[in-house]
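A structural walkthrough
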Amino acid sequence: MRIATLIGSLLLAMALLAPTSVFGQAERDLSLETDFPLPTGNTFMSEYDGVVGANLMYSEPVTDQFVIRVGLQYNRLDLGQALDSENTFINRTGVANDFTPRVGVAYLLDLGDRLELLPEAGLSYTRLVFDFDEDPAIGDTVRSGGGIWLGLNPRYELVGPWKIGASMEYRFTHLESTDVRDTAFDQEYHALNFGASLTYTL
């Protein structure tokens, strides 16, 4: 959680210390973002290979600068040889489908020359559905849990209602307890997410 605390403090400082002149006019918009997760930390998810996913976000202005963000994120992670909490290799191939509805808040900072910056933070609920190929009898295994996300999104205004941008984000999820092992290795998911975004102003 040290990373989350540091990033959150930086985002809050940027919003509070920025002069009024850099605040832009928040607008209602819809964003489609590519999403490449890089699992971090010593957890079971850190042994899986990330695959590009997608994130659909809707923004609703509350004030000229303050925005409510609601969205749904999807990632598909390849399962290869993974380590369990006892550092033993597990040969299970398949995929993990990651469905994450989320809600958050953001500040719009106008950097000039059609550039804007959107620091944001929020809460999420992740549902991981594991599908193992080599043993159909196992079936789908589901893990769920709540978490937080912290993001920083620079965007550039194109012609008309379109904007392009980049997305950088930290995600933390604490999964529910299981009958396997109730340890941080088996219950936590940390990831740094990177991607590109296309935004349409409504």
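Reading the values: the criteria
Residues numbered from 1 in each chain as written. Predicted model: local features only at pLDDT ≥ 70, side-chain atom pairs only at ≥ 80, totals over all residues. Heavy atoms only, no water. 1 Å grid on protein atoms, 1.4 Å probe; cavity = no way out; pocket = protein on both sides within 12 Å on 5 of 7 lines; lining within 4 Å. Points joined across faces, edges and corners; volume = space filled by probe spheres on them. Helix = DSSP H or I, 4+ residues; strand = E, 2+ residues; numbered from the N terminus. Nonpolar A, V, L, I, M, F, W, Y, C, P; charged D, E, K, R; others polar. Phe/Tyr/Trp six-rings, centres within 6.5 Å; stacked < 30°, edge-to-face > 60°. Buried < 20%, exposed > 50% of the residue type's maximum accessible area, 1.4 Å probe, protein only. Lys NZ or Arg CZ within 6 Å of the ring centre and 35° of its normal. Core = buried A, V, L, I, M, F, W, Y, C linked by side-chain atoms within 4.5 Å. Contact = heavy atoms within 4.5 Å. Salt bridge = Lys/Arg side-chain N within 4 Å of Asp/Glu carboxyl O.

What about the layout of surface pockets?
The volume enclosed by the second largest pocket comes to roughly 250 Å³. Lining the second largest pocket are 18 residues, with Gln25, Glu27, Leu108, Glu116 and Lys163 positioned closest to its centre. Counting residues per element, the ones that place at least two in the lining of the second largest pocket are strand S6 (115-132) and strand S7 (140-157). Among the elements that take part in the lining of the second largest pocket, S6 stands out by supplying 3 residues, more than any other. Class assignment for the residues of the lining of the second largest pocket results in 5 nonpolar, 5 polar and 8 charged.

A word on the packing of aromatic side chains
Within the structure shown, the criterion is met by 3 aromatic pairs. On the numbers, 5.2 Å between centres and 45° between planes, the contact of tyrosine 74 with phenylalanine 99 is tilted. In this pair, tyrosine 74 sits in strand S3 (residues 66-83) while phenylalanine 99 sits in strand S4 (residues 89-107), placing the two residues 25 residues apart along the sequence. Residue classification places tyrosine 74 among the partly exposed positions, given a relative accessible area of 28%. One residue, arginine 102, lies across the ring of tryptophan 149, its end atom 4.2 Å from the ring centre.

Overview of empty space enclosed by the protein
Using the criterion set out here, one finds 1 cavity of 30 Å³ or more in the structure. Residue lining of the largest cavity: Glu33, Asp35, Asn55, Gln73, Arg102, Ser167, Met168, Glu169, Asn193, Phe194 and Gly195, and that is the complete set. Sorting the residues of the lining of the largest cavity by element identifies strand S1 (29-40), strand S8 (162-175) and strand S9 (188-201) as the ones contributing at least two each. Of the residues assigned to the lining of the largest cavity, the class counts are 2 nonpolar, 5 polar and 4 charged.

Remarks on unusual backbone geometry
Despite not being glycine, aspartate 113 shows a phi value in the positive range, around 50°. By the element assignment, aspartate 113 lies in the loop between strand S5 (109-112) and S6. Here arginine 114, not a glycine, exhibits a phi torsion of approximately 70°, which is positive. Here arginine 114 shows up in the loop between S5 and S6.

Thoughts on the nonpolar core
Across soluble globular proteins, nonpolar side chains have a tendency to be buried as a group. Core analysis: the biggest nonpolar cluster contains 7 residues, these being Leu77, Ala96, Leu128, Phe130, Leu175, Tyr189 and Ala191. In this structure, Ala26, Val67, Ala106 and Leu118 belong to the second largest nonpolar core, which totals 5 residues.

A few points about the environment of valine 70
Secondary-structure assignment places valine 70 in strand S3. What makes valine 70 partly exposed here is its relative accessible area of 41%. Along the backbone, valine 70 and arginine 102 are 32 residues apart, and their C-alpha atoms lie at a distance of 5.9 Å. With sequence-adjacent residues up to four places away left out, valine 70 is seen in contact with Leu56, Met57, Tyr58, Arg102 and Val103.

Some details on the pattern of salt bridges
All told, the structure shown has 9 salt bridges when counted by the stated rule. Of the charged contacts in the structure, one is a salt bridge between lysine 163 and glutamate 27, with a shortest N-O distance of 3.9 Å. Taken as a pair, lysine 163 in strand S8 and glutamate 27 in the loop between helix H1 (2-17) and S1 lie far apart in primary sequence, 136 residues in all. Look at lysine 163 and you get buried, because its relative accessible area is 7%. The class for glutamate 27 is partly exposed, based on a relative accessible area of 38%. A salt bridge links arginine 28 to glutamate 60, with the shortest nitrogen-to-oxygen separation between them at 2.8 Å. With arginine 28 in the loop between H1 and S1 and glutamate 60 in strand S2 (residues 53-61), this pair connects stretches of sequence that are 32 residues apart. Overall, the relative accessible area of 38% leaves arginine 28 in the partly exposed class. Via salt bridges that share partners, Glu27, Asp29, Glu116, Arg155 and Lys163 belong to a single interconnected network.

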